[in-house]
Amino acid sequence: MLPVVALMALLALPVSGDTARSGGGTPADVMSGVLVLLAVAGAVRRAERALSRTALVVLGLPVVGFAVAATGAADAATGLTGLGRYLQVFVLVPAAVLLLVRDRADLRVLAWAFVGLALVQGGIGAHQYATGTGASYMGADIRAVGTFGPTDVMGMATVVSYGVICAVGLALGAAPGTGTPAGTPDGPATGTAPGTGAAVRQRVVALVCALLLLVPLALSFSRGAWIATAVACAAQLLLAGVRRAVAVGAVLAAVLVVLVGGVGVGTAMLQERVDSITKVTDAPDQSVLDRYTMWAAAVGMWRERPVTGVGLKNFPAHRDGHASLALSSGSDTAGAGSGFVRQPLLSPHNMYLLVLSEQGLLGLLALAGGWGALLVLGVRRLALVRGAAVRAPGGPSARGADCGLLACGLLVWQLVDFAYADIGGPSTVLTAVALGVVAWWALGADAR
């Protein structure tokens, strides 16, 4: 797991404003290429079928939509750039993670790496809020963005959300025998399975990490990340059991009441941001108006070319021809070590509509169909693990509920968040790693 963990560690490095604005490659992007090469080398060395037929179909089918849309790009260079990015995020890196993860113990290492990266970025973001050195928000430099800067305000929110979901999955799925006895296919060849004490420690540490990460998540002022995290954690609770969902929900509600009402955590700006979620139709702010306008423009592009779309990376070129006068010229970014910049609106901030407008129904059905297959297969495997736990508590087949819960939670978060965001920015490579975790649980033979 060292190459994957190294890739995630590189995301803790500061990203220059010029790199973020230009969409150029980062050290993490370079490491993702190394990751793919290592996975290919390992598959060649083993001289066996690397992926199952199901995995080949689920991960390979979107390539058809990407390739067709690339031929409709404005020029060959643009088409190749867009094709490379989509292949990196949705095919190559997820497949590499699927090949490199050997067992559930490896997956837990990745889960704790997600939590560790989230704590680092979240700690930086909380310091930015406390010292007024974050990104600009309503005239004050208080928005927590971590090392991603004001041009990728969703970066830290995404990382922290992943950390919360992994921590919740590890806490809910922790049970005696989470580790593996020596010689079993579920873990390393040495060592012994931890007992109840180790399971309790994992649960307590994971729960504390999840609660700590809620602070920087709130300070990110990202409504989409809040909604996606709430839905994903609720799904994890329900998948872990209805009784547990009710009990944990009551505890979380009590904690929020104490933090907000008793301790006074939260500011007027934060409260206003929360209230704005319910006002997106009654009294939307300019950012919501821009989003609605770009969504309408994306639908207009799709109606113009419903099957194949307008071509990869062609949304900006067709935007003004389909957008109404309500669209502003761009969004203002400043703070977190950067000067004032007028950021152009180059995407609809909705992954489904971005794919629909640029790749048409062909691309959307191939890509979203693969995500749907991952969700069905992942939930089914989690149900099998939970059933095995009922039949033979503590047995090898019964261990792994934590892996299933965090994998399913990551996918649910991504599916919900894609309704408010799309790929782009330095944090996108972490989305590819998260999809790789999901793919391993849903498609990997060793996940059984």
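## A short note on the overall build of the protein
Line of reasoning, step 1. Scanning the protein for helices and strands turns up 17 helices and 4 strands.
Line of reasoning, step 2. The buried share of the protein, taken over its 448 residues, is 49%.
Line of reasoning, step 3. Here the analysis covers contacts within the protein between residues at least 6 apart in sequence; of these, 77% occur between residues at least 24 apart.
Line of reasoning, step 4. Of the roughly 19000 Å² of accessible surface on the protein, a fraction of 68% belongs to carbon and sulfur atoms.

## Overview of empty space enclosed by the protein
Line of reasoning, step 1. By the definition in use, this model includes 2 cavities of 30 Å³ or more.
Line of reasoning, step 2. Volume-wise, the largest cavity comes out at about 90 Å³.
Line of reasoning, step 3. Lining the largest cavity, in full, are Val 58, Leu 59, Pro 62, Phe 90, Pro 94, Leu 367, Gly 370, Trp 371, Leu 374 and Leu 435.
Line of reasoning, step 4. Looking at the lining of the largest cavity, the elements with two or more residues in it are α4 (53-60), α6 (76-100) and α15 (351-391).

## Some details on the side chain of Asp 29
Line of reasoning, step 1. In this fold, Asp 29 is placed in helix α3 (residues 27-46).
Line of reasoning, step 2. A distance of 3.3 Å separates a polar atom in the side chain of Asp 29 from a polar atom in the side chain of Arg 85.

## Quick notes on the confidence of the model for the protein
Line of reasoning, step 1. In this model, the protein carries a mean pLDDT of 83, and residues with pLDDT of at least 70 account for 81%.
Line of reasoning, step 2. Residue range residues 177-194 is modelled with pLDDT below 50. Its contacts to residues more than four positions away, or to other chains, number 38 contacts.

## Digging into the packing of α4 against helix α5 (residues 62-71)
Between two packed helices, both the angle of their axes relative to each other and the distance between the axes serve to describe the pair.
Line of reasoning, step 1. Running from N to C, α4 and α5 cross one another at 30°; their axes reach a closest spacing of 5 Å. In terms of orientation, α4 and α5 fall into the roughly parallel class. In contact with Val 57, Val 58, Leu 59 and Gly 60 of α4, α5 contributes Pro 62, Val 63 and Val 64.
Line of reasoning, step 2. A per-class count over the contact of α4 with α5 returns 6 nonpolar, 1 polar and no charged.

## Things to note about the nonpolar core
Line of reasoning, step 1. Core analysis: the largest hydrophobic core is formed by 112 residues, its most contacted members being Tyr 86, Phe 90, Phe 114, Met 351, Leu 410, Leu 430 and Leu 443.
Line of reasoning, step 2. Residues in contact with Tyr 86, not counting those within four places in the same chain, are Phe 66, Val 91, Leu 312, Met 351, Leu 354, Val 355, Glu 358, Gln 359 and Ile 423.

## Describing the packing of aromatic side chains
Line of reasoning, step 1. Enumeration according to the criterion identifies 10 aromatic pairs in this entry.
Line of reasoning, step 2. Grouping aromatic residues by their ring pairs yields a cluster made of Phe 66, Tyr 86, Phe 90, Tyr 352, Trp 371 and Phe 418.

## Focus: the pattern of salt bridges
Line of reasoning, step 1. Under the counting rule described, the total for this entry stands at 4 salt bridges.
Line of reasoning, step 2. Arg 102 is paired through a salt bridge with Asp 106; the nearest N and O atoms lie 2.7 Å apart.
Line of reasoning, step 3. Residue Arg 102 is classed as exposed on the basis of its relative accessible area, which comes to 54%.
Line of reasoning, step 4. A residue is classified by how much of its surface remains accessible, and Asp 106, at 5% relative accessible area, is buried.
Line of reasoning, step 5. The salt bridge involving Arg 319 is made with Asp 320; its shortest N-O contact spans 3.0 Å.
Line of reasoning, step 6. Arg 319 gets classed as buried once you look at its relative accessible area, which sits at 13%.

## Concerning the environment of Val 307
Line of reasoning, step 1. Along the chain, Val 307 falls in the loop between α13 (286-304) and α14 (315-322).
Line of reasoning, step 2. Spatially, the C-alpha atom of Val 307 lies 8.3 Å from that of Gly 363, the residues being 56 residues apart in sequence.
Line of reasoning, step 3. For Val 307, the contacting residues outside a window of four places in its chain are Gln 359, Gly 360, Leu 361 and Leu 362.

## Observations concerning the pairing of strand β2 (residues 140-143)
Line of reasoning, step 1. The pairing of strand β1 (residues 135-137) with β2 spans 3 bridges and is antiparallel. Within β2, the residue paired with Ala 135 across the bridge is Arg 143.
Line of reasoning, step 2. In sequence, β1 turns back onto β2 through a hairpin of 2 residues, with Met 138 there showing a positive phi of about 55°.

## Digging into unusual backbone geometry
Both trends apply: most residues other than glycine have a negative phi, and most peptide bonds are in trans.
Line of reasoning, step 1. Within the chain, Phe 221 stands out as a residue other than glycine whose phi angle is a positive 55°.
Line of reasoning, step 2. Relative to the elements of secondary structure, Phe 221 occurs in the loop between α9 (196-219) and α10 (223-240).

## Things to note about the packing of helix α16 (residues 401-417) against helix α17 (residues 428-443)
Line of reasoning, step 1. Contact geometry for α16 and α17: axes closest at 9 Å, N-to-C directions at 130°. One finds that α16 runs oblique with respect to α17. For the element pair α16 and α17, the recorded crossing hand is left-handed. Side by side, α16 and α17 meet where Cys 403, Gly 404, Leu 406, Ala 407, Cys 408, Leu 410, Leu 411 and Gln 414 of the first sit next to Thr 431, Ala 434, Leu 435, Val 437, Val 438 and Trp 441 of the second.
Line of reasoning, step 2. When its residues are assigned to classes, the contact of α16 with α17 shows 11 nonpolar, 3 polar and no charged.

## A closer look at the side chain of Thr 229
Line of reasoning, step 1. Following the sequence through the fold, Thr 229 ends up in helix α10.
Line of reasoning, step 2. Classification of Thr 229 as buried rests on a relative accessible area of 4%.
Line of reasoning, step 3. Reaching out from Thr 229, the side chain makes a polar contact with the side chain of Trp 413 at a distance of 3.1 Å.
Line of reasoning, step 4. Discounting chain neighbours no more than four positions away, the residues touching Thr 229 are Ser 161, Val 164, Leu 217 and Trp 413.

Parameters at a glance
Residues numbered from 1 in each chain as written. Predicted model: local features only at pLDDT ≥ 70, side-chain atom pairs only at ≥ 80, totals over all residues. Heavy atoms only, no water. Helix = DSSP H or I, 4+ residues; strand = E, 2+ residues; numbered from the N terminus. Buried < 20%, exposed > 50% of the residue type's maximum accessible area, 1.4 Å probe, protein only. Contact = heavy atoms within 4.5 Å. Areas by Shrake-Rupley, 256 points an atom, 1.4 Å probe, with all protein chains shown as cover. 1 Å grid on protein atoms, 1.4 Å probe; cavity = no way out; pocket = protein on both sides within 12 Å on 5 of 7 lines; lining within 4 Å. Points joined across faces, edges and corners; volume = space filled by probe spheres on them. Polar contact = N/O pair within 3.5 Å; in protein donor to acceptor, adjacent residues only side chain to side chain. pLDDT = per-residue confidence, 0-100. Axes fitted to C-alpha atoms, helices over the stretch in contact; angles between N-to-C directions. Parallel < 35°, antiparallel > 145°, perpendicular 65-115°, else oblique. Nonpolar A, V, L, I, M, F, W, Y, C, P; charged D, E, K, R; others polar. Core = buried A, V, L, I, M, F, W, Y, C linked by side-chain atoms within 4.5 Å. Phe/Tyr/Trp six-rings, centres within 6.5 Å; stacked < 30°, edge-to-face > 60°. Salt bridge = Lys/Arg side-chain N within 4 Å of Asp/Glu carboxyl O. Pairing = 2+ DSSP bridges. Left-handed = near helix turned anticlockwise from the far one by under 90°.

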